Amino acid sequence: MKKQLLCVLLAAVLLIAVAACDSSVQLEDEMTPEAQQPDAAPEFLRMAGEKMQQGWEVYWWWYGMDDQGLDIDFEGEPIESEGTAFRKVNRFATMAELKEATEAVFTKEFCDANFYPHIEEANLFREIDGALYYNANSGGIGGAYALPHTYAVQSQEPGRAVLTATCRGMDEEDHVFDLVMVEENGSWKLDTYFGYTSKG
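Read on for an overview of the structure. (Residues numbered from 1 in each chain as written. Predicted model: local features only at pLDDT ≥ 70, side-chain atom pairs only at ≥ 80, totals over all residues. Heavy atoms only, no water.)

1. Observations concerning unusual backbone geometry
Generally, phi is negative for residues other than glycine and the peptide bonds are trans, each holding for most cases. What counts, and what does not: What counts as a helix is a DSSP run of H or I of at least four residues, what counts as a strand is a run of E of at least two, and both are numbered from the N terminus. Each residue gets one of three labels from its accessible area relative to the maximum for its type: buried under 20%, exposed over 50%, partly exposed in between, using a 1.4 Å probe on protein chains only.
Phi is positive for Asn123, which is not a glycine, with a value near 50°. Relative to the helices and strands, Asn123 resides in the loop between α6 (117-121) and β3 (125-128). For Asn123, a relative accessible area of 18% translates into the label buried. Of note, Glu172 is a non-glycine position whose phi angle comes to about 65°, a positive value. The residue Glu172 is located in the loop between β6 (160-168) and β7 (174-184) in this model. Given a relative accessible area of 56%, Glu172 falls into the exposed group.

Encoded structure:
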C-alpha cells in the first residue's frame, strides 16, 4: 500500500514538472524578439514633441520681437553702434553660446539656411566689448501655427526620420506638414520647422 502511494506521489510530481516545462516553453515561444523589444514609436514621438517645443523657443530668439526668451536688458541704456541701438543679452554671453544652444535643437544646415543669415541681414546680434547684444529695433514676424498636437512616423531609417505633424492654424483649421528629424552629433535634431527647411 505504501509502495502504491509512493508511486502515485512520484507520478504527480512528474506531471507537475512536465506541466511546468510545457508552460515555460510556451512562454518562450510567445515571447518573440518583437514582443521582447519595447515599441520605440511612442518614445520617439514623445521626443519629437519635446524637440518641437524646444524649437518653438529657439525660433523666437531669431524671429521674435522684444524679449522672446533671451532675457534682454531693457532697463539699462542701449549701446549705439553704427546708428543702431543694441541691448545686452543676459541669457548668452557670446555669439558662440547662442549658436551652440541653437544647434542643440536644429541641424547645422538648418541654422545656416534660416537663422544665421539674420545676424548680418537684419543686424540682429552683435558682440560688443566681449558681450552679446541684440538689436531690439529689428522687429520680427508672427507665427501662423500653434505647436503640433499630433505626430505620426511616416518613415524612419538610421539617422533620419520623417514624421507627419498636425497643428492648429490661426484660421482654426488643422494643417499637416512633414517634420524631418536628423541624428547629428549623437542626438536627434529638427531639420525642418513648419514651412522652413534646411534648404532655406
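And the narrative resumes.
2. What to know about the pairing of β3
To keep things clear, this is the line we draw: One bridge is not enough; two strands pair if DSSP finds at least two bridges between them.
Bridging between β3 and strand β4 (residues 131-135) involves four bridges; their strand directions are antiparallel. Across the sheet, the residue bridging to Phe125 is Tyr134, located in β4. Where β3 hands over to β4, the hairpin turn is made up of two residues, of which Asp129 adopts a positive phi near 50°.

3. Observations regarding the packing of aromatic side chains
For clarity, the threshold we go by: Classification of ring pairs uses Phe, Tyr and Trp, with its six-membered ring standing for Trp, and accepts pairs whose centres are within 6.5 Å; under 30 degrees between planes counts as stacked, over 60 as edge-to-face, and the remaining range as tilted.
This model, assessed by the stated rule, comprises 21 aromatic pairs. Arranged with centres 5.1 Å apart and planes meeting at 70°, the rings of Trp61 and Phe92 form a pair that is edge-to-face. Residue Trp61 is located in helix α3 (residues 40-63), and its partner Phe92 is located in the loop between β2 (84-88) and α4 (95-103); the two are separated by 31 residues in the primary sequence. For the ring pair Tyr63 and Phe115, a centre distance of 6.1 Å and an interplane angle of 55° mean the geometry is tilted. On the criterion of sequence distance, the pair formed by Tyr63 in helix α3 and Phe115 in the loop between α5 (108-114) and α6 is long-range, its members being 52 residues apart.

4. A closer look at the pairing of β4
When you tally the buried positions in β4, you get five out of five residues, the bulk of the element. Neither face of β4 is left uncovered, since the one carrying Ala131, Tyr133 and Asn135 and the one carrying Leu132 and Tyr134 both have all their residues buried.

5. A look at the side chain of Asn114
Rule in force here: Between two residues, a contact is recorded if the distance between any of their heavy atoms is within 4.5 Å.
With respect to the element layout, Asn114 can be found in helix α5. Non-local contacts of Asn114, meaning those with residues more than four positions away in its chain, are made with Tyr63, Tyr196, Thr197, Ser198 and Gly200.

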